[in-house]
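This is what each chain is made of:
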Amino acid sequence: MIEIKNVYKTYDKQKYVLNDVSLEIEDGDIYAFIGHNGAGKTTLIKSIVGILPFEKGEIFINGIDVNKNPEESKKTIAYIPDEPEIYDSLTGLQFLNFVADAFDVSEIDRKERIEHYAKVFEMTEHLNNLVSSYSHGMKQKVIIMSALIHNPKVIIMDEPFVGLDPKASIILKQLMSDFVKNGGCIFYSTHVLDTAEKICNKIAVIKNGEIVKAGSRDVILKDESLEQVFMEIYGEGQNA
Ligand code: ADP
């Protein structure tokens, strides 16, 4: 569970790019986070995962305050950034072991998880190759595998479908669905509205740093598509 309570963030001490943001992501939720470029999605995501400090408010991951207990809160999070960084000079397997070491994952658990996810993402025969030889999509797959290696309870993703081929997208959607069925929760930003409409049960829309809609997908959409709801909020030609 993620609790975001009245969060304010400014980069220049003049304008809040997050302005009194509150959201609750419960276990079992796939929560889509929608908004124009510059609306504040990445800033909120980085605040949740403890990369960016924020001025006011509180964020809790399964009851753990991300400001007061950053290390503890990170242990339960899988964070998949929009521009993943991965070391080109390592093999995929070396990178996964490096991340597993950082999270103190036992040899038995890491072996089992690496084998499982390598199979799921059809990466088994590529893991001994250097990351520098991977396509963008393959790097993305290894990043997703690395984010799951410590058996997190919460997944936070920034634009996870960018760069994935159709098959990898389908696999990721299935993985997301299985993850929340097993009691986890997922919060992810996206511009891919038709996918969000299909896979999520909750939606938040952010505009100019403020949450303008949040809650159950069915209540927000009623008889409309997410595209229609988005256009009603943002309007033709408007920017965030
Ligand atoms: P989104 O992810 O929705 O595209 P961001 O969170 O990246 O939006 O950006 C929100 C606002 O904060 C934008 O106005 C952006 O220009 C500004 N911003 C983002 N990162 C920085 C930064 N490092 N320094 C100053 N301003 C920033």
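Anything mentioned here points back to the structure above.
A. Quick look at helix α6 (residues 166–181). Between its terminal C-alpha atoms α6 stretches 23 Å, which fits the 22 Å expected from 16 residues at 1.5 Å a residue. Every buried residue of α6 is listed here: A168, S169, I171, L172, L175, M176, F179 and V180. Down the axis of α6, the buried side of the element spans an arc of 160°, and every buried residue falls inside it. Projecting away from the buried face of α6 at angles above 90 degrees are the exposed residues P166, I170 and K181. Buried residues along α6 sit in contact with β3 (30–34), α4 (107–120), α5 (136–148), β7 (154–158), β8 (185–189) and α7 (193–199).

B. Structural context of the pairing of strand β10 (residues 210–216). In this sheet, β10 lies alongside strand β9 (residues 202–207) in antiparallel orientation, the contact comprising six bridges. If you follow V205 over to β10, its bridge partner there is K213. The loop that links β9 with its antiparallel partner β10 comprises two residues; one of these, N208, has a positive phi angle of about 50°.

C. Representation of the site of the ligand in the model. Taken together, Y11, V17, H36, N37, G38, A39, G40, K41, T42 and T43 make up the full set of residues near the ligand. The separation between an oxygen atom of the ligand and a polar main-chain atom of G38 is 2.7 Å. In the model, an oxygen atom of the ligand is placed 2.8 Å from a nitrogen or oxygen of the K41 side chain. The fraction of the free accessible surface of the ligand (560 Å²) that becomes covered by protein chains is 56%. The biggest single contributor to the shell around the ligand is helix α1 (residues 41–48), with three residues.

Here is what the cut-offs are and how they apply
- Residues numbered from 1 in each chain as written.
- Predicted model: local features only at pLDDT ≥ 70, side-chain atom pairs only at ≥ 80, totals over all residues.
- Heavy atoms only, no water.
- Helix = DSSP H or I, 4+ residues; strand = E, 2+ residues; numbered from the N terminus.
- Expected span 1.5 Å × (residues − 1).
- Buried < 20%, exposed > 50% of the residue type's maximum accessible area, 1.4 Å probe, protein only.
- Arc of directions from axis to C-beta.
- Contact = heavy atoms within 4.5 Å.
- Pairing = 2+ DSSP bridges.
- Near = heavy atom within 4 Å.
- Polar contact = N/O pair within 3.5 Å; in protein donor to acceptor, adjacent residues only side chain to side chain.
- Areas by Shrake-Rupley, 256 points an atom, 1.4 Å probe, with all protein chains shown as cover.

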